[in-house]
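The primary structure of each chain is shown beneath.
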Amino acid sequence: EKMYTTLLSRLGKTVKITKVFKPFEEMVDKVGMTNIFMYNIAIATFSKVNQMKKARELFDEMIEKGLKPDAITYRTMVHTLCNSGHVEDAYKLLEKMDICNQDLSMWSHVLKGLCQANKVNEAFKIFNLMIGKGYPPDVVSYSILLDGLCKSRYLEQAFMLLDEMYRRGCTPDVVSYNTLLVGYCKMGDLKQARSLLEAMPLRGCDPDIISYNALLRGLCKAWEWDKAWDLLELMRQKGCKPNAVSYSILLNGLGKAGKHLEASRLFKQMTGEGCNPNVVTYTILLDCLCKTGHVEEARELFKQMVKEGFTPDLFTYNAFLHGLLKVQKMEEAMNLLNEMVKKGYNPDSITIKVILDGLCKTGKVNEAYGLFEKMVEQKYVPDMHDYTIIIQSLLAIGKQDSALWLLDTAVQKGWKPD
RNA sequence: ACAUUGGUCAGUGG
């Protein structure tokens, strides 16, 4: 039994790296799952590769067998339920389990899950409930709520919550401040961001690279290029050397502003500054080249990144596909699509929208609809945007009745037209 | 023997 547990653990670790879980699954089926360790390992492993269903089955199975889940089992379950959009279930589980197996971090997972589902109000309800149960919040749980408020654009409330943290003796740390900084910058409120940044050292929190990157993003969004360059200089002076994220923020800003020459120059420059490119920076530049009508250069960049040993990911493929389809290079796009599938990247909802849109814009509405039906058959669940792409192009070629029919189908499936 | 480990920054579609 000990041997099997060790074996399972070893195999589990490789699964987490390679994401290939078939052999592990067979192993789980073959060996008898006899102790709690084996279940804990198996549950954790399956949840790491997004096999929630498997994880839950095992959890139920162990209870049926009369094995009592321990704190670790519960923690793993709560964690993965929250991260896979099943916060409700996580909450139910927490309500059911023994007090001795609960702790603040589990409740924090629930808070985060709710915030990610855009349910900040719910999060606050749980927050109060959790306090009532004897789990006073700490700086982490507060920061989760701060982030939730910021992402829902409730910046004033976030600021007030920061104040509440002081009053309750939960001194905000650099993460709390950064959370708010990001919020201000995304909203374009650079004034507030700057004053918060200046206030930080006075409150015993020196800004770190994330603080500066947040501000950098705000400056790029406002097209304040000179100030952005000044900030880079300031960062170097303060010993916060710009990192790959800093450069990708700048690259993306330049790209979105259509400044592809400057973006290309910065891309070359960053290596000289001791910062190596990565998949993200490559993808940003590639996208920028595509969007500014330089597909040939984009293709060269794609080749270059592969040659330099970087593996294109779904973002890269989607961006490039979009670029190719925009200039009607249908055949090359389909080759790329095949290549990406062969490499193990399954088209996601964005890939599908890119292709639908590409087909429609080249007048191949029928093909688009055919693909759409095929995807639905393969249990892809289209959203309203997928419908919109096709409906719009049906209207464009004067097929109002088909468009209306499709719209009706979407509505019947519970979608709300926008 | 072994397992879980809570918060903040960058990229793709409509």
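What you are looking at is a predicted structure, and each value in this text was computed from that prediction instead of being measured. (Residues numbered from 1 in each chain as written. Chains lettered and ligands numbered in written order. Predicted model: local features only at pLDDT ≥ 70, side-chain atom pairs only at ≥ 80, totals over all residues. Heavy atoms only, no water.)

**Points about the pattern of salt bridges**
For step 1, the next point in the chain: Counted according to the given criterion, the structure contains 22 salt bridges.
For step 2, the next point in the chain: Taking the shortest distance from any N to any O, the salt bridge between glutamate 273 and arginine 236 comes out at 2.9 Å. Note that glutamate 273 is positioned in the loop between helix 16 (260–272) and helix 17 (279–291) and arginine 236 in helix 14 (residues 225–237), a separation of 37 residues in sequence.
For step 3, the next point in the chain: Owing to a relative accessible area of 28%, glutamate 273 belongs among the partly exposed residues under this scheme.
For step 4, the next point in the chain: Two residues, lysine 353 and aspartate 386, come together in a salt bridge whose shortest N-O distance is 3.1 Å. With lysine 353 in helix 21 (residues 349–361) and aspartate 386 in helix 23 (residues 384–396), the pair connects residues that are 33 residues apart, well separated along the chain. Comparing lysine 353 with aspartate 386, the two get one shared label, buried.
For step 5, the next point in the chain: Taken together, the shared-partner salt bridges connect Arg56, Asp89 and Lys92 into one network. (Salt bridge = Lys/Arg side-chain N within 4 Å of Asp/Glu carboxyl O. Helix = DSSP H or I, 4+ residues; strand = E, 2+ residues; numbered from the N terminus. Buried < 20%, exposed > 50% of the residue type's maximum accessible area, 1.4 Å probe, protein only.)

**Some thoughts on the packing of aromatic side chains**
For step 1, the next point in the chain: Per the stated rule, a full pass over the model turns up 14 aromatic pairs.
For step 2, the next point in the chain: Taken together through their ring pairs, the aromatic side chains of Phe302, Tyr317, Phe320 and Tyr345 make up a single cluster. (Phe/Tyr/Trp six-rings, centres within 6.5 Å; stacked < 30°, edge-to-face > 60°.)

**As for the confidence of the model for chain A**
For step 1, the next point in the chain: Of all residues in chain A, 100% attain a pLDDT of 70 or more, and the chain-wide mean is 93.
For step 2, the next point in the chain: Predicted complex metrics record ipTM = 0.89 and pTM = 0.91. (pLDDT = per-residue confidence, 0-100.)

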